[in-house]
Amino acid sequence: MKTKLPFSAYLAIGVMLFALFFGAGNLIFPAQLGQNAGTNVWPAVIGFLTTGVGLPFLGILAMGFSGSANLQELASRIHPIYAMIFTSLLYLTIGPFFATPRTGTVAYDIGIAPFVGGDFARGGLLIFTFIFFGITMWLSLNPSKIVDRVGKILSPALIVLIFVLLITVIVKPMGAIQAPQEIYTNGAFVKGFLEGYNTMDALASLVFGIIVIQAIRAMGVTSNREVLSATVKAGVVAIFFLGVIYVGIAYLGATSTEKFGVFDTGGAVLNSAASYYFGGFGTIMLSLIIILACLTTSIGLITACGEYFHTLMPKISYKKFVVFFSLFSFGIANFGLSNIIMYSIPVLMFLYPLAITLMLLTFLSPLFSHSRVVYVSATIAALLISTIDGLKTFCDSFSIPYFNWMKAVVSFYEQALPLYSQGLGWLLPVLIVIVVTGASVRMQKLASAEA
């Protein structure tokens, strides 16, 4: 018997999914994109939405379509050892390596920095993140319903506050949109596409998808088809809110440049806009909500990482993992937001092609009878290119000369792979490998059946 959920159920799950995706870090990237893209803001935003909204939606659907219990089980279609390494690296990326420390630095940049003097800034970050991750550790060690309740209040409050700010920006722009910065003069779509990687939501979707599916099944939906249908509807709700907010904040950033100039990070853009329209009260409200939103996100990420690594290494207790990840996040946070973003980009350039390849394989899997040969071949193709992309991005970011062997490989990729200079050189080879190996598997099965 089919279980038909009411719209209110899809709305509730969709808002929950939005809350899972939407850390305060998601506010800073479209704001900075808008400032830098200027008059090229719209192609840049379309690129940003492709990776910042489209890929997370694809990831959620992939988990629903696969029927897997978790990400490691899905990635095991390639190989169990690969699955463990890939899943661990993904959790560390959306956890203590980058995303969790970023919650502390964003909370400080938006919630505290505007109210303290420049001389206090460095020491202030240290003190604030010590308290921030101390609270994160305490609440992660002692899971409490208060975190869920605060999250349920904060998500609607954050949405309302941001929408009020965005409507005000549309009605009364701060200024005219200025010429783009040099990096957005050409190829704004591709730049926005790559900037969307920084949200890390496509990676997180492979973890959050299971949470959504469990919530849907808890409402009495049992059929795989109905679960997938409900996942689509809830996903549409989440990406609608994400998409509207991203577009609005990018426009806010684009219209702020004439008034305030170009800031180093998006947090200062939002603070300046809130102060411009609503004075000190608006700035304080924005600060409080974002600090609490960052805190709930931080707790969720530390808890998820602690639980995953405890299942991977059961001899080490969950509490020890929580303490270690909280302290590690505190240390990384004090490198500052700009450095965290800079160091994360090479890792994302390595991980994203592997994650997207897994999503594509999941959807196409029935066409080649779930053959491991296709999974392995396509993943190797993505790995050969994404590894070089990650190394190349790292060297470029920190002005490090390429290794001699790397020069030859990069030169070959630039000449042989379409879209390589745009960061998408892996896409066509992966698709070709899937088609060729998939067709070969089907032909072998047909030949075996005829024999």
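In what follows, the structure referred to is the one given above.
Described below are features of the structure shown in this document. Bear in mind that the values here come from a model prediction, so they are computed numbers and not experimental data.

Considerations on the overall build of the chain
Here is step 1: Check the secondary structure of the chain and you find 17 helices and zero strands.
Here is step 2: In terms of its C-alpha atoms, the chain occupies a principal-axis envelope of roughly 80 × 55 × 45 Å.
Here is step 3: Within the chain, the proportion of its 451 residues that are buried is 51%.
Here is step 4: Contacts in the chain between residues far apart in sequence, at least 24 positions, make up 81% of those at least 6 positions apart.

What about the environment of E414?
Here is step 1: Inspection of the secondary structure puts E414 in helix α16 (residues 404-416).
Here is step 2: Apart from residues no more than four positions distant in its own chain, E414 is found in contact with K392 and Y420.

Quick look at the pattern of salt bridges
Here is step 1: By the definition in use, this model includes one salt bridge.
Here is step 2: A salt bridge links D396 to K392; the shortest N-O distance between them is 3.4 Å. Here D396 pairs with K392, and both are found in helix α15 (residues 372-397), just four residues apart, close to one helical turn.
Here is step 3: The exposure class of D396 is partly exposed, given its relative accessible area of 42%.

Things to note about the environment of G266
Here is step 1: Looking at where G266 falls in the secondary structure, it is placed in helix α12 (residues 266-312).
Here is step 2: Separated by 30 residues in sequence, G266 and T296 have C-alpha atoms that sit 21 Å apart.
Here is step 3: In contact with G266, not counting residues within four places along its chain, are I28, A31 and Q32.

Points about unusual backbone geometry
Here is step 1: The phi dihedral of S369 falls on the positive side, at around 55°, and the residue is not glycine.
Here is step 2: Note that S369 resides in the loop between α14 (337-364) and α15.
Here is step 3: Phi is positive for L419, close to 70°, though the residue is something other than glycine.
Here is step 4: As for its position among the elements, L419 is in the loop between α16 and α17 (427-450).

Some points on a nonpolar patch on the surface
Here is step 1: A contiguous nonpolar patch, built from L126, I127, F130, I131, I135 and W138 and spanning about 630 Å² of accessible area, is present on the exposed surface.
Here is step 2: Mapping I127 onto the fold places it in helix α7 (residues 121-141).

Re α16
Because an α-helix packs 3.6 residues into every turn, residues spaced three or four apart end up facing the same way.
Here is step 1: With 13 residues, α16 extends 19 Å from end C-alpha to end C-alpha; this agrees with the ideal 18 Å at 1.5 Å per step.
Here is step 2: Where α16 is concerned, the buried positions are M406, V410 and Y413. Buried residues in α16, looked at end-on, bunch into an arc of 65°, giving them a common side. Set apart from the buried face of α16 by more than 90 degrees, the exposed residues are N404, F412 and Q415.
Here is step 3: Looking at the buried side of α16, the elements it contacts are α15.

Considerations on the packing of helix α5 (residues 80-97) against helix α13 (residues 318-333)
Here is step 1: Two numbers describe how α5 lies on α13: the axes approach to 9 Å, and their chain directions differ by 65°. Overall, the two elements α5 and α13 adopt an arrangement that is roughly perpendicular. On α13, the residues that touch L92, P96 and F97 of α5 are F325, F328, S329 and I332.
Here is step 2: Among the residues forming the contact of α5 with α13, the class breakdown is six nonpolar, one polar and no charged.

Some points on the packing of helix α2 (residues 25-37) against helix α11 (residues 224-260)
Here is step 1: Relative orientation of the contacting elements α2 and α11 amounts to 45°, with a least axis distance of 6 Å. When the axis of α2 is compared with that of α11, the two are oblique. Of the two elements, α2 crosses α11, and the hand of that crossing is right-handed. Contacts from N26, L27, P30, A31, L33, G34 and Q35 of α2 reach α11 at I245, Y246, I249, A250, G253, A254, S256 and T257.
Here is step 2: Class assignment of the residues belonging to the contact of α2 with α11 gives a composition of nine nonpolar, six polar and no charged.

Considerations on the packing of aromatic side chains
Here is step 1: On inspection of all chains with the given rule, the structure shows 34 aromatic pairs.
Here is step 2: On the basis of an interplanar angle of 35° and a centroid distance of 4.7 Å, the ring pair of Y343 and F398 is categorised as tilted. Residue Y343 is located in helix α14, and its partner F398 is located in the loop between α15 and α16; the two are separated by 55 residues in the primary sequence.
Here is step 3: Judged by its relative accessible area of 41%, Y343 is partly exposed.
Here is step 4: Overall, the relative accessible area of 23% leaves F398 in the partly exposed class.
Here is step 5: Counting every residue linked through ring pairs, the aromatic cluster contains Y91, F97, F98, Y308, F309, F321, F324, F325 and F328.

Observations concerning the environment of A381
Here is step 1: By the element assignment, A381 lies in helix α15.
Here is step 2: Among the residues examined, A381 registers a relative accessible area of 12% and is labelled buried.
Here is step 3: Note: C-alpha distance between A381 and G423 (42 residues apart in sequence) is 15 Å.
Here is step 4: When neighbours within four sequence positions are excluded, A381 is seen to be in contact with V430 and V433.

Let's talk about helix α3 (residues 41-66)
Here is step 1: Between its first and last C-alpha, α3 extends 36 Å over 26 residues, near the 38 Å set by a 1.5 Å rise per residue.
Here is step 2: At L49, α3 shows its largest bend, some 35°.
Here is step 3: G67 sits one or two residues past α3 and shows a positive phi near 75°.

Rules used throughout
Residues numbered from 1 in each chain as written. Predicted model: local features only at pLDDT ≥ 70, side-chain atom pairs only at ≥ 80, totals over all residues. Heavy atoms only, no water. Helix = DSSP H or I, 4+ residues; strand = E, 2+ residues; numbered from the N terminus. Buried < 20%, exposed > 50% of the residue type's maximum accessible area, 1.4 Å probe, protein only. Contact = heavy atoms within 4.5 Å. Salt bridge = Lys/Arg side-chain N within 4 Å of Asp/Glu carboxyl O. Patch = residues over 30% accessible without salt bridge, like charges linked within 9 Å, V, L, I, M, F, W, Y side chains within 5 Å. Areas by Shrake-Rupley, 256 points an atom, 1.4 Å probe, with all protein chains shown as cover. Expected span 1.5 Å × (residues − 1). Arc of directions from axis to C-beta. Axes fitted to C-alpha atoms, helices over the stretch in contact; angles between N-to-C directions. Parallel < 35°, antiparallel > 145°, perpendicular 65-115°, else oblique. Nonpolar A, V, L, I, M, F, W, Y, C, P; charged D, E, K, R; others polar. Left-handed = near helix turned anticlockwise from the far one by under 90°. Phe/Tyr/Trp six-rings, centres within 6.5 Å; stacked < 30°, edge-to-face > 60°. Bend = angle between axes of the 7 residues up to and from the residue.

Fair warning: the whole summary comes from geometry, so function is off the table for now.
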